[in-house]
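Each chain, letter by letter, is given below.
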Amino acid sequence: QVQLVESGGGLVQPGGSLRLSCAASGLLFRSYEMAWYRQAPGKQRELVASISRSGNPNYRDSVKGRFTISRDNAKSTVYLQMNSLTFEDTAVYYCTTSPPDLLAGYWGRGAQVTVSS
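Residues numbered from 1 in each chain as written. Predicted model: local features only at pLDDT ≥ 70, side-chain atom pairs only at ≥ 80, totals over all residues. Heavy atoms only, no water.

**Brief notes about the state of the cysteines**
What makes a disulfide is a covalent bond joining the sulfur atoms belonging to two cysteines.
Here is step 1 of the chain: By the definition in use, this model includes one disulfide.
Here is step 2 of the chain: Across a sulfur-sulfur distance of 1.7 Å, Cys-22 and Cys-95 are joined as a disulfide pair. In this pair, Cys-22 sits in strand β3 (residues 18–25) while Cys-95 sits in strand β9 (residues 91–97), placing the two residues 73 residues apart along the sequence.
Here is step 3 of the chain: For Cys-22, a relative accessible area of 0% gives the class buried. (Disulfide = S-S within 2.5 Å. Helix = DSSP H or I, 4+ residues; strand = E, 2+ residues; numbered from the N terminus. Buried < 20%, exposed > 50% of the residue type's maximum accessible area, 1.4 Å probe, protein only.)

**Brief notes about the sheet that holds strand β8 (residues 77–82)**
Here is step 1 of the chain: The strand order across the open sheet built from four strands is β1-β3-β8-β7, with neighbouring strands paired in antiparallel fashion. Strand pairing shows two members of the sheet lacking a second neighbour, β1 (3–7) and β7 (67–72), which therefore form its edges. Going across the sheet, the axis of each strand differs from the next one's by a mean of 15 degrees, ignoring polarity.
Here is step 2 of the chain: Of the pairings in the sheet, the one linking β1 to β3 comprises five bridges and is antiparallel in character. Residue Val-5 lies in a different strand from β3, and its bridge partner there is Ala-23. (Pairing = 2+ DSSP bridges. Axes fitted to C-alpha atoms, helices over the stretch in contact; angles between N-to-C directions.)

**Here we look at the environment of Ser-98**
Here is step 1 of the chain: By the element assignment, Ser-98 lies in the loop between β9 and β10 (111–115).
Here is step 2 of the chain: A relative accessible area of 21% places Ser-98 in the partly exposed class.
Here is step 3 of the chain: Considered as a pair, Ser-98 and Arg-30 are 68 residues apart in the sequence and their alpha carbons are 12 Å apart.

**Re the pairing of β7**
Here is step 1 of the chain: On β7, burial follows the alternation: Phe-67, Ile-69 and Arg-71 on one face are buried, whereas Thr-68, Ser-70 and Asp-72 on the facing-out side are not.
Here is step 2 of the chain: Alignment of β7 against β8, held across six bridges, turns out to be antiparallel. Bridge pairing in β8 links Ser-70 to Tyr-79.
Here is step 3 of the chain: The antiparallel hairpin formed by β7 and β8 contains four residues in its connecting segment, where Ser-76 sits at a positive phi of about 50 degrees.

**What about the packing of aromatic side chains?**
Here is step 1 of the chain: Overall, the coordinates contain two aromatic pairs when judged by the stated rule.
Here is step 2 of the chain: Aromatic pair Tyr-37 and Trp-107: ring centres 5.4 Å apart, planes at 85 degrees, arrangement edge-to-face. Residue Tyr-37 is located in strand β4 (residues 34–39), and its partner Trp-107 is located in the loop between β9 and β10; the two are separated by 70 residues in the primary sequence.
Here is step 3 of the chain: In this structure Tyr-37 comes out as buried when scored by relative accessible area, which is 15%.
Here is step 4 of the chain: Look at Trp-107 and you get partly exposed, because its relative accessible area is 26%. (Phe/Tyr/Trp six-rings, centres within 6.5 Å; stacked < 30°, edge-to-face > 60°.)

The structure is reproduced here in C-alpha cells:
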C-alpha cells in the first residue's frame, strides 16, 4: 500500500525559508519520477517542481531560482527547499509521482505552508 507522508510545513515570514520532506513507502521509489504540487485556498492544485529518476529537476516559472527539489533514493524521500518565500507561496504542498495518475488518485495529507507577516 502506497503511503506518502509530507512534513516540514509551517508559518514563515515573507523572505523566509522552509524545507519540506516527503517519505514514501509501498512503492519502488527509485523507479519513479517524483513531484511536488500545491493547492492554495480557492485554487486548483498546481505542479511546483518535479525530479527525474536520475535527479534532473524541473520547476514552474514562479519558483525558479527560489525552490530546489531533490531526492534521496536510499531513504525513499523527496525534498523541497523553499527560499525567499512570498505570500503567493501559501498553500498545502503535496508530493506525488509524476504523473500523479500513477497512484490512481492517492494523495497524502500534505504540508501546510503559510507565509504571513
